Amino acid sequence: MISVQSLSKSFGSHMVLKDFSFEVAQGKTAVLLGKSGSGKSTMLRCLNLLEHWDRGNIEIAGLPLGRTCKPDGQWRRWNTREEAEARQRIGMVFQQFNLFPHMTVLQNVMCGPKRILGQDETTARKLALELLDQVGLVQKQSAYPSFLSGGQQQRVAIARALAMRPSVLLLDEITSALDPELVGEVLEVIRDLKQRGLTMVCVTHEIHFAQDVADHVIFMEEGQLVEEGRPDALLAQPNTERLRKFLSRFHARSGGEKMAS
Ligand SMILES: Nc1ncnc2c1ncn2[C@@H]1O[C@H](COP(=O)(O)OP(=O)(O)OP(=O)(O)O)[C@@H](O)[C@H]1O
Ligand SMILES: [Mg+2]
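What you see is a predicted model, and the numbers here were worked out from it, not measured in a lab. (Residues numbered from 1 in each chain as written. Chains lettered and ligands numbered in written order. Predicted model: local features only at pLDDT ≥ 70, side-chain atom pairs only at ≥ 80, totals over all residues. Heavy atoms only, no water.)

**What about the sheet that holds strand 4 (residues 55–60)?**
- The strand order across the open sheet built from four strands is 2-1-4-5, with neighbouring strands paired in antiparallel fashion. The open sheet terminates on both sides in strands that have one partner only, identified here as strand 2 (14–24) and strand 5 (63–64). (Pairing = 2+ DSSP bridges. Helix = DSSP H or I, 4+ residues; strand = E, 2+ residues; numbered from the N terminus.)

Here's what the structure looks like:
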């Protein structure tokens, strides 16, 4: 479903993604794991065309992202309108939920389909209510975001992304701004989406998130793919010293937390 081939990207002289390649099969969930600054968000932003890359290719559902082959065989980069259209099919949810504060929960979920897809009020409302039901928040449809908990706001943000019927959903650190007791309700929504066969790429530096939802884990450092594999095998028996070190820091921290509690 997603194929990233030898992607490289620099900000000025700083190379943030280096010859980065990975694939995600239809209906599977990949987790990009790595410490802060390793390039995880940049990778996700390239998948959503929020960043342009310097070299390499991305294909989604077999079609090149961001460029079209002209009849003369030359490639042409997409214009802003083409990029915006593609972005609608690739949902993205961020750490800070970015809901519209002046709209109710229902209006937040309905606004994309109405404004961008041109759906009528009845169709958009029906879909929004279905999605709010799916994330367990129909009863909050008339509330404004500031009256919701972080976990509830994040579930609305997921429903809003789903309302655009994306073929792929990208999730960037969606639980890291939440109090620990609210993480579970968001993970439950992600597990449900997995069951429904949505293809997802999640970015995190928390290994419990990877353990919980990943079919495939990709560990990256300084813009490079270091190791990838199934979460159980990869996280239990890393092949590289770099991943071992990353995991040992996490284990030390969670051990410390346990001792403190
Ligand atoms: N717009 C930008 N201009 C310049 N440098 C940038 C820009 N965006 C990201 N970077 C740099 O690229 C590197 C990778 O950033 P990125 O946000 O992808 O990391 P990350 O793995 O998502 O980190 P975190 O876990 O902290 O979110 C960092 O060194 C960052 O400072
Ligand atoms: Mg990031």
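**Some thoughts on the pattern of salt bridges**
- Under the definition given, this model contains 15 salt bridges.
- In this structure, Asp192 and Arg196 form a salt bridge, with 2.9 Å as the shortest nitrogen-oxygen distance.
- Residue Asp215 is joined to Lys194 by a salt bridge in which the shortest nitrogen-to-oxygen separation is 3.0 Å. Of this pair, Asp215 sits in the loop between helix 7 (207–213) and strand 11 (216–221) while Lys194 sits in helix 6 (residues 180–195), placing them 21 residues apart in sequence.
- Residue classification places Lys194 among the partly exposed positions, given a relative accessible area of 23%.
- One salt-bridge network, in which partners are shared between bridges, spans Lys9, Arg45 and Glu51. (Salt bridge = Lys/Arg side-chain N within 4 Å of Asp/Glu carboxyl O. Buried < 20%, exposed > 50% of the residue type's maximum accessible area, 1.4 Å probe, protein only.)

**Observations concerning the domain arrangement of the chain**
- Under the domain assignment, the chain is made up of domain 1 (2–89 + 168–260) and domain 2 (99–165).
- The centre of domain 1, based on its C-alpha atoms, is set 25 Å off from the matching centre of domain 2.
- Listed by partner, the interface residues are 13 residues for domain 1 and 14 residues for domain 2.
- Contact with domain 2 buries surface across domain 1, with Gln88, Glu185 and Val189 losing the most and accounting together for 41% of the total. (Domains from an automatic or database assignment. Contact = heavy atoms within 4.5 Å. Buried area = accessible area lost by both parts, 1.4 Å probe.)

**What to know about the UniProt feature "domain: ABC transporter" (unreviewed entry) in the chain**
- Those residues carrying the UniProt feature "domain: ABC transporter" (unreviewed entry) are residues 2–247 in this numbering.
- Taken end to end, residues 2–247 comprises 37% helix and 27% strand; its first and last C-alpha atoms sit 27 Å apart. (UniProt positions renumbered as here; feature names shortened; annotations may be inferred.)

**Some points on the site of ligand 1**
- Around ligand 1 there are 13 residues in total, and Ser36, Gly37, Lys40, Ser41 and Thr42 lie nearest to it.
- At a separation of 3.0 Å, an oxygen atom of ligand 1 approaches a polar backbone atom of Gly39.
- Its free accessible area being 640 Å², ligand 1 has 59% of it covered by the protein chains.
- Breaking the shell around ligand 1 down by element, the ones donating at least two residues are strand 2 and helix 1 (40–47).
- The element best represented in the shell around ligand 1 is helix 1, accounting for three residues.
- A per-class count over the shell around ligand 1 returns two nonpolar, eight polar and three charged. (Near = heavy atom within 4 Å. Polar contact = N/O pair within 3.5 Å; in protein donor to acceptor, adjacent residues only side chain to side chain. Areas by Shrake-Rupley, 256 points an atom, 1.4 Å probe, with all protein chains shown as cover. Nonpolar A, V, L, I, M, F, W, Y, C, P; charged D, E, K, R; others polar.)

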